[in-house]
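Take a look at the letters that make up each chain.
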Amino acid sequence: MNSLANKSLVSINDFTQEEIERLLDTASLFESNPPGKILDNKVVAALFFEPSTRTRLSFESAVKRLGGKIIGFAEAGSSSVSKGESLKDTILTVSNYSDLIVMRHSIEGSARYASEVSPVPVINAGDGANQHPTQTMLDLYSIRKTQGTLDGLNIFMVGDLKYGRTVHSLLMALSNYNTTFNFVSPSELRMPDEYKLILEKRGIKYYEHDDFTDIISRADIVYMTRVQKERFSDPLEYEKVKNIYVLHNETLENTKENLRILHPLPRVNEIDRDVDDNPKAYYFEQALNGVFVRQAIIASILDVI
Ligand code: CP
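Predicted, not measured: the structure shown is a model, and the values here were computed from it.

## Let's talk about the domain arrangement of the protein
Item 1. Domain annotation for the protein reports domain 1 (12–132 + 289–301) and domain 2 (133–287).
Item 2. If you average the C-alpha positions of domain 1 and of domain 2, the two centres end up 24 Å apart.
Item 3. Listed as interface residues are 32 residues of domain 1 and, on the opposing side, 30 residues of domain 2.
Item 4. Interface area lost by domain 1 to domain 2 is led by Ile12, His132 and Asn289, which between them contribute 27%.
Item 5. At the boundary of domain 1 with domain 2, the tally comes to three salt bridges.
Item 6. Connecting domain 1 to domain 2 are 21 residue pairs in polar contact (both at pLDDT 80 or more).
Item 7. If you list the elements that add at least two residues to the side of domain 1 that touches domain 2, you get α1 (17–32), α2 (54–65), β3 (100–105), β4 (122–127) and α9 (283–301).
Item 8. Considering each element in turn, the side of domain 1 that touches domain 2 owes the most residues, nine residues, to α1.
Item 9. Across the side of domain 1 that touches domain 2, the residue classes tally to 12 nonpolar, 12 polar and eight charged.

## Focus: the pairing of β4
Item 1. In terms of residue burial, β4 counts as a mostly covered element, since six of its six residues are buried.
Item 2. Traced from β3 through helix α4 (residues 110–117) to β4, the parallel crossover comes out right-handed.

## Looking at the sheet that holds β4
Item 1. Pairing in this open sheet of four strands is parallel, and the strands run β2-β1-β3-β4 from one edge to the other. Both outer strands of the open sheet, β2 (69–73) and β4, are each paired with one neighbouring strand and no more. Geometrically, the sheet is characterised by an average inter-axis angle of 15 degrees between neighbouring strands, direction not taken into account.
Item 2. In this structure, strand β1 (residues 43–48) lies alongside β2, joined through five bridges in parallel fashion.

## Overview of the site of the ligand
Item 1. Neighbouring residues of the ligand: Ser52, Thr53, Arg54, Thr55, Arg104, His132, Gln135, Pro264 and Leu265.
Item 2. Arg54 places a side-chain nitrogen or oxygen 3.0 Å from an oxygen atom of the ligand.
Item 3. The backbone of Leu265 places a nitrogen or oxygen atom 3.1 Å from a nitrogen atom of the ligand.
Item 4. Contact with the protein chains removes 91% of the 260 Å² of surface that the ligand exposes when unbound.
Item 5. In terms of residue class, the shell around the ligand is made up of two nonpolar, five polar and two charged.

## Some thoughts on unusual backbone geometry
Item 1. The residue after Leu265, namely Pro266, is reached through a cis peptide bond having omega 5 degrees.
Item 2. Relative to the assigned elements, Pro266 resides in the loop between β9 (260–262) and α9.
Item 3. Here Leu265, not a glycine, exhibits a phi torsion of approximately 60 degrees, which is positive.

## Examining the sheet that holds strand β8 (residues 221–224)
Item 1. As summarised here, the arrangement of the five strands in space is β7-β6-β5-β8-β9, forming an open sheet in which the pairing is parallel. Strands with a single pairing partner mark the edges of an open sheet, and in this sheet they are β7 (205–209) and β9. Each adjacent strand pair in this sheet contributes to an overall mean axis angle of 20 degrees, direction not counted.
Item 2. Here five bridges tie strand β6 (residues 180–184) to β7, and the two strands are oriented parallel to one another. Residue pairing for β7: Phe183 is matched across the bridge by Glu208.

## Quick word on the packing of α2 against α9
The description of two packed helices rests on the angle between their axes and on the distance between the axes.
Item 1. As a packed pair, α2 and α9 sit with axes 8 Å apart at the nearest point and diverge in direction by 55 degrees. The orientation of α2 relative to α9 falls into the category oblique. Viewed along their axes, α2 and α9 form a crossing whose handedness is right-handed. Contacts between α2 and α9 involve Arg54, Thr55, Ser58, Phe59, Ser61, Ala62, Val63 and Arg65 from the former and Ala287, Gly290, Val291, Arg294, Gln295 and Ile298 from the latter.

## Things to note about the packing of aromatic side chains
Item 1. Evaluation of the coordinates by the stated rule reveals five aromatic pairs.
Item 2. On the basis of an interplanar angle of 25 degrees and a centroid distance of 5.7 Å, the ring pair of Phe181 and Phe183 is categorised as stacked.
Item 3. Seen from their ring centres, Tyr283 and Phe284 are 5.4 Å apart, and the 65 degrees between their planes marks the pair as edge-to-face.
Item 4. An aromatic cluster is defined as three or more aromatic residues linked by ring pairs; in this entry it consists of Phe181, Phe183 and Tyr206.

Conventions used here
- Residues numbered from 1 in each chain as written.
- Predicted model: local features only at pLDDT ≥ 70, side-chain atom pairs only at ≥ 80, totals over all residues.
- Heavy atoms only, no water.
- Domains from an automatic or database assignment.
- Contact = heavy atoms within 4.5 Å.
- Buried area = accessible area lost by both parts, 1.4 Å probe.
- Salt bridge = Lys/Arg side-chain N within 4 Å of Asp/Glu carboxyl O.
- Polar contact = N/O pair within 3.5 Å; in protein donor to acceptor, adjacent residues only side chain to side chain.
- Helix = DSSP H or I, 4+ residues; strand = E, 2+ residues; numbered from the N terminus.
- Nonpolar A, V, L, I, M, F, W, Y, C, P; charged D, E, K, R; others polar.
- Buried < 20%, exposed > 50% of the residue type's maximum accessible area, 1.4 Å probe, protein only.
- Right-handed = clockwise from strand over helix to strand, strands pointing away.
- Pairing = 2+ DSSP bridges.
- Axes fitted to C-alpha atoms, helices over the stretch in contact; angles between N-to-C directions.
- Near = heavy atom within 4 Å.
- Areas by Shrake-Rupley, 256 points an atom, 1.4 Å probe, with all protein chains shown as cover.
- Parallel < 35°, antiparallel > 145°, perpendicular 65-115°, else oblique.
- Left-handed = near helix turned anticlockwise from the far one by under 90°.
- Phe/Tyr/Trp six-rings, centres within 6.5 Å; stacked < 30°, edge-to-face > 60°.

This is the structure in structure tokens:
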């Protein structure tokens, strides 16, 4: 029995720990043993109201490699939303043409709303500063693949912890494991209280820092994030913090052998290009893992495995 059949994925909390681990196992199987054209006759709609490279194209690659068809748009301006059509009307219309909707939107809660009005399942590809659950799945996959476990790890999250939806989703998922978190951010971009409260309720240890150069030797994973210009209403506030953390190759000199540097990408300046050739840099492999993980999610929701 596939408990994910026909289910929407809006928040990482929509899936149980067992479901998440089963998905990671399926992704691993798909990576080592590509399953062929299991999405034959299936149509996936990708509605991207906000820009994307990795999420949109890895969904597209995932669907096509499984023999399915993908339709949609890459910017709201090329849809009838630009003529004033509502999100509900858009979803009801597109659900006539597809078996599954993948949606990215700037408004927090828009994916939940879409899933409530849609007759077909909806996958949240990022809603404002809220959640990005498929990114979390590929982050978990990348962590498990490089560390051999999700348990007992020391995870550093660095940069924009206030607006960064990827760190919010990842924190929630890793709080089911015996994780130690180190949050590194300027005071303006601290991890919001609601997420720290979740950790406190679950008895998970976390520490907050202004810098990480002296403590990075303890890390198993350093999860770098971009300071997101598009989330700031005041450009001067963005200017103050935009280059506050830059990871250089020399910073990695006395770090653990198993350390891996993750970043959801795109990066701006927060990881210097001199890190790219370091074996501890894992962000481009991480982006590749998105294809296997998204294949597993789509195949499970469309119940073709
Ligand atoms: N990681 C991520 O969401 O990248 P894109 O914005 O390019 O999709």
